[in-house]
Amino acid sequence: MTLANKSQILGVQYEADASNVKVAYSDSGVLKRTVVTADNLIVSEWVSDGGTIADYRAPTSGPSHPTPVLRP
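The sections below set out a description of the structure shown in this document.

1. A look at the sheet that holds strand β2 (residues 20-27)
Here's step 1: Ordered by their spatial adjacency, 4 strands build an open sheet running β3-β2-β1-β4, and the pairing between neighbours is mixed. Whereas interior strands pair on both sides, the edge strands pair on one side only; in this sheet they are β3 (30-37) and β4 (53-54).
Here's step 2: Alignment of strand β1 (residues 9-14) against β4, held across 2 bridges, turns out to be parallel. Within β4, the position partnered with Gln13 by the bridge is Ala54.
Here's step 3: Across the sheet, helix α1 (residues 41-48) lies against β1, β2, β3 and β4, angled at about 105° from β1, the strand it touches most.

2. A closer look at the environment of Glu45
Here's step 1: Checked against the element boundaries, Glu45 lands in helix α1.
Here's step 2: Given a relative accessible area of 34%, Glu45 falls into the partly exposed group.
Here's step 3: With 39 residues separating them in the primary sequence, Glu45 and Lys6 have C-alpha atoms 6.6 Å apart.

Calculation criteria
Residues numbered from 1 in each chain as written. Predicted model: local features only at pLDDT ≥ 70, side-chain atom pairs only at ≥ 80, totals over all residues. Heavy atoms only, no water. Pairing = 2+ DSSP bridges. Helix = DSSP H or I, 4+ residues; strand = E, 2+ residues; numbered from the N terminus. Contact = heavy atoms within 4.5 Å. Axes fitted to C-alpha atoms, helices over the stretch in contact; angles between N-to-C directions. Buried < 20%, exposed > 50% of the residue type's maximum accessible area, 1.4 Å probe, protein only.

Given below as structure tokens:
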């Protein structure tokens, strides 16, 4: 299964070029990551519901990944 709806999203972070975002999401309880365009419909819906997109941070060691933003 892939990213199919906004309820799967755990966190979103801009990539270096800001036209893409890296999305951390839950796929049946398994943490997965994918890169999509910043104007992706699912990401836009998530932001409309109060989610925020973290600024790009260059990785210091290991792969860069978004820090989940918890919503109340």
